[in-house]
Amino acid sequence: MTEGLIARLLGILAGSFLALTFLPPRSVSGFMRRGLSALVFGWVFSPVIHDYFQWPATDERLIASGAIAAFCSWWLMGAGKKLAEKIGNKEV
Amino acid sequence: MSEYQAALAIGALVTALISMNLPRARLWIVMGALSFVGGTAYFRLGMPHYPIANLALDAIVCLTLNAKAREVWELWLYRIFQFSVFVSLVFLCLKTFAPVIAVHWLYVLVLEGSNWAALFVIASTAAQDRVRADGGDIDRSRFNHLHRSQSHLRKARAEDPWHKIR
């Protein structure tokens, strides 16, 4: 359970930090929501990404998989929110 | 220091001199220069995965710009640094997954180009500001009110940064 814990957390933090530059949130509450979701998404999906690329279980690769998972989750959530807003605006 | 880096340093110095009237211009020039020097030093020391250093340093500049920018020209700088981060991210992915097509000279060329673009945005804003402030009066000394900020002539940022909105 705790194997590679720090590496994965580091990767998740790095991915969230990087995503912040591309798709900044609109408010502090948005940042908290997305940050928490990125943590959960990163934690759940980083092993999936790690297995998909068949990477060796080195710290470097654990960081990379965590960063990819968190980065993509942040972007997907931001894109999803924008899409939902667009659809909502059309209906009004 | 290569001739390209020397040219960039001179460009940054000239831009800093031109943009004395622009608030925060020197801050962005210094931050950009530190990011450039840090990334280059990391590469020259032969550290692994060198695009990571450029990526992290440019991302820090990018986030600072997003947080502290008050005028539209600063948001243009933000977009330029965002582009630099994107280029480093793409190059890092290429180096990991397809090292054959990861061309180092092209990566450096694009990053240097974006640095020049950032300097151009600062210098052109300062020059425009000066021309508008003089109101086309060519007899007026260009050295009058050199340090005065003409913020009313520049467009302010429309939205507050995210950390100021609850």
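Above this note sits the structure.
The structure presented is a predicted model; accordingly, all values stated were derived computationally and were not measured. (Residues numbered from 1 in each chain as written. Chains lettered and ligands numbered in written order. Predicted model: local features only at pLDDT ≥ 70, side-chain atom pairs only at ≥ 80, totals over all residues. Heavy atoms only, no water.)

Peer 1: Account for the packing of helix H1 (residues 3–18) of chain B against helix H2 (residues 25–44) of chain B, naming residues and giving values.
Peer 2: Residues and elements named next belong to chain B. Packing of H1 against H2 brings their axes to within 10 Å, and their N-to-C directions diverge by 165°. Between H1 and H2, the angle falls in the class roughly antiparallel. As for the relative orientation of H1 and H2, their crossing is left-handed in sense. Here Gln-5, Leu-8, Ala-12, Thr-15 and Ala-16 of H1 come into contact with H2, specifically with Arg-26, Ile-29, Phe-36, Thr-40 and Arg-44. (Axes fitted to C-alpha atoms, helices over the stretch in contact; angles between N-to-C directions. Helix = DSSP H or I, 4+ residues; strand = E, 2+ residues; numbered from the N terminus. Parallel < 35°, antiparallel > 145°, perpendicular 65-115°, else oblique. Left-handed = near helix turned anticlockwise from the far one by under 90°. Contact = heavy atoms within 4.5 Å.)

Peer 1: Let's hear about helix H3 (residues 51–68) of chain B: which residues, and what values?
Peer 2: Three- or four-residue spacings in an α-helix give side chains the same orientation, since the helix completes a turn every 3.6 residues. With 18 residues, H3 of chain B should cover 26 Å at 1.5 Å per step; its first-to-last C-alpha distance of 26 Å lies within 8% of that length. If you check which residues of H3 of chain B are buried, you get Pro-51, Ala-53, Asn-54, Leu-55, Asp-58, Ala-59, Val-61, Cys-62, Leu-63, Leu-65 and Asn-66 of chain B. (Expected span 1.5 Å × (residues − 1). Buried < 20%, exposed > 50% of the residue type's maximum accessible area, 1.4 Å probe, protein only.)

Peer 1: Go over the nonpolar core with me, naming the residues and quoting the values.
Peer 2: One finds Leu-65, Trp-73, Leu-77 and Ile-122 of chain B to be the most contacted residues of the largest nonpolar core, which totals 21 residues. Elements with a contribution of two residues or more to this core: H1, H2, H3, helix H4 (72–97) and helix H5 (104–134) of chain B. When residues no more than four places from it in sequence are discounted, the contact partners of Ile-122 of chain B are Thr-15, Ser-19, Leu-22, Ala-25, Ile-29, Trp-73 and Leu-77 of chain B. Grouped together as the second largest cluster of nonpolar side chains are 7 residues, Leu-23, Ala-38 and Trp-74 of chain A together with Trp-162 of chain B included. (Core = buried A, V, L, I, M, F, W, Y, C linked by side-chain atoms within 4.5 Å.)

Peer 1: An account of the packing of helix H1 (residues 5–22) of chain A against helix H2 (residues 28–52) of chain A is needed here, citing residue identities and associated values.
Peer 2: Residues and elements named next belong to chain A. Interhelical geometry of H1 versus H2 gives an angle of 135° and a closest axis separation of 10 Å. Taken together, the axes of H1 and H2 lie oblique to each other. Here the hand of the crossing between H1 and H2 comes out right-handed. Between H1, through Leu-5, Arg-8, Leu-9, Ile-12, Ser-16 and Leu-20, and H2, the contact on the second element is made entirely by Phe-31, Ala-38, Leu-39, Gly-42, Trp-43, Ser-46 and Pro-47. Classifying every residue of the contact of H1 with H2 by side-chain character gives 9 nonpolar, 3 polar and 1 charged. (Nonpolar A, V, L, I, M, F, W, Y, C, P; charged D, E, K, R; others polar.)

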